[in-house]
Amino acid sequence: MHPLVNHLIQLQELALIRDEQKIAPRKGGHLQQLNESISRMTQQLPPSVREQFIKLHKKDLVVMSPVNDGMCAICNMKLPISLVQAVRMAKAVHSCPNCARLLYYPQSAPKWVGIKPRRTAPRKAGISRFSSETLMIPRLEAKTKEQAIRELTDKMEREGFVDSSSKLLEMALRREVILSTGVDHGLAIPHARGVEGGGLTLACGLHRKGIDWESQSRGLTRIVFFMAIPTAASAFYLRLLAGLMESFMHAETRKALLAAKEPEVMWKTLCKVTRATIK
Ligand SMILES: [Zn+2]
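Residues numbered from 1 in each chain as written. Predicted model: local features only at pLDDT ≥ 70, side-chain atom pairs only at ≥ 80, totals over all residues.

### As for the domain arrangement of the protein
In many reports, interface size means the accessible area that the parts give up when they come together. Here is the rule we go by: Either an automatic procedure or a domain database provided the assignment from which the domain bounds are taken. For every residue pair, C-beta atoms are placed from the backbone, and the pair is scored as a contact if these atoms sit within 7 Å. Only runs of H or I of at least four residues qualify as helices and only runs of E of at least two qualify as strands under DSSP, and these elements are numbered from the N terminus. As a working rule, the residues Ala, Val, Leu, Ile, Met, Phe, Trp, Tyr, Cys and Pro are called nonpolar, Asp, Glu, Lys and Arg charged, and the rest polar, with Gly in that last group.
If you check the domain split of the protein, you get domain 1 (3-104) and domain 2 (126-273). Measuring from the centre of the C-alpha atoms in domain 1 to the corresponding centre in domain 2 gives 25 Å. Listed by partner, the interface residues are 17 residues for domain 1 and 18 residues for domain 2. If you list the elements that add at least two residues to the side of domain 1 that touches domain 2, you get α1 (3-23) and β1 (64-68). Per element, the largest residue contribution to the side of domain 1 that touches domain 2 is five residues, and it comes from α1. Broken down by class, the residue content of the side of domain 1 that touches domain 2 amounts to nine nonpolar, four polar and four charged.

### Examining the environment of I149
What counts here: With C-beta atoms placed from the backbone, a residue counts as buried when 20 or more other C-beta atoms lie within 10 Å of its own, as exposed when 12 or fewer do, and as partly exposed for counts between those limits.
When you line up the elements, I149 lands in helix α5 (residues 145-158). Overall, the presence of 28 C-beta atoms within 10 Å leaves I149 in the buried class. Separated by 24 residues in the primary sequence, I149 and L173 place their C-alpha atoms 8.4 Å from one another. Residues within four places of I149 in sequence aside, it is in contact with L169, A172, L173, P190 and F226.

### Regarding the sheet that holds strand β3 (residues 94-95)
Put simply, the rule reads: Paired strands, in this sense, are two strands between which DSSP finds at least two bridges.
Read from one edge to the other, the open sheet built from four strands follows the order β2-β1-β4-β3, with strand pairing classed as mixed. What marks the edges here is a single partner per strand, and that holds for β2 (71-72) and β3.

### As for helix α7 (residues 234-248)
Stated formally: To estimate the expected span of a helix, count its residues, drop one, and scale the result by 1.5 Å. Arc, as used here, means the arc of the directions from the helix axis to the C-beta atoms.
The end-to-end C-alpha separation of α7 is 21 Å, in line with the 21 Å expected for 15 residues at 1.5 Å each. Among all positions in α7, only S234, Y237, L240, L244, S247 and F248 are buried. Along α7, the residues classed as buried sweep out an arc of 125° about the axis, all on the same side.

### Details of the pairing of β1
For β1, the tally of buried residues reaches five of five residues, placing the bulk of the element in the interior. Side chains M64, P66 and N68 of β1 all project onto a buried face; the interleaved residues S65 and V67 project onto the opposite face, where all are buried too. The pairing of β1 with β2 spans two bridges and is antiparallel. Residue pairing for β2: V67 is matched across the bridge by C72.

### Quick notes on the nonpolar core
Worth spelling out the cut-off: We define a nonpolar core as a collection of buried residues of the types Ala, Val, Leu, Ile, Met, Phe, Trp, Tyr and Cys that are connected via C-beta atoms lying within 7 Å of each other.
Grouped together as the largest cluster of nonpolar side chains are 72 residues, with contacts concentrated most on L200, V224 and A228. Among the elements that make up this core, the one with the highest residue count is strand β10 (residues 221-230) (seven residues). Ignoring anything within four residues of it in the chain, the contact list for L200 reads F130, M227, A228, I229, P230, A233, F236, Y237 and L240.

### Quick word on the packing of α1 against helix α2 (residues 30-43)
Cut-off, in case you're wondering: To obtain an axis, a line is fitted to C-alpha atoms, over the contacting stretch when the element is a helix, and the angle between two such axes runs from 0 to 180 degrees between their N-to-C directions. Orientation categories follow fixed angle ranges, with anything under 35 degrees roughly parallel, anything over 145 roughly antiparallel, 65 to 115 roughly perpendicular, and all other angles oblique. Whether a crossing is left-handed or right-handed is set by the direction in which the near helix is turned from the far one by less than a right angle, anticlockwise for left-handed and clockwise for right-handed.
As a packed pair, α1 and α2 sit with axes 10 Å apart at the nearest point and diverge in direction by 155°. Considering the angle they form, α1 stands roughly antiparallel to α2. Relative to α2, the crossing made by α1 is left-handed. In this structure, α1 uses H7, Q10, L11, L14, A15, I17, R18 and Q21 to contact α2, whose residues at the interface are H30, L31, L34, N35, S37, I38, M41 and T42. Considered class by class, the residues forming the contact of α1 with α2 number eight nonpolar, seven polar and one charged.

Have a look at this one:
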């Protein structure tokens, strides 16, 4: 990959993590550190690209768009074959002719392979649009956060939502290295951004004893939400994160979910406690 494109992707990721931190903050001045890294990386860009990036970022959270199936993954514009080739060669930075976002060719991203709802099927509401009973694990066996994430990504592959648990895990762990996703109240929200195609998918696991998520003396993590996020759903993901945080800041909500011992009960509880916060 062109070093400049790589730089831009990292910058985009840091900007999205900053948005996450505003919703689900961790103690310890991470926001300031993120701001410093973002402004340093922005300054390092060649002036013309910097100007373009800043201008696009004022309009939308997502500036970098992967090319999926010959299309711009964000605006779905079918791109000329010559442009797709040029993006793949990555000798320069190219823009989408429709939305002007900066294009890149993703390297081995996991694919979403879930079943699309039939057009005649009734529209699902709330959390059931992007999760299901089959993605609930009432008893995670993991001893470490890596094992916990693996259990959830394996579940997503086994239940037919993504094609590669290992790629998903790799992306999620790369994200954890930048900043741990353990937050207050014994929650963790690990995720993999950049899944190809489909919609956002959420799996949930409960841990009876609790896992040390390196969340800096914030106690052990007992509730883990794992999300597979297509780049186009990055803004929706932030709204979903806000909804989850709103529901689970209440001790009685956490208690109700943790009381579930069967996937069926867990799913019903999750639907109920997020009814008001996730539309
Ligand atoms: Zn586009």
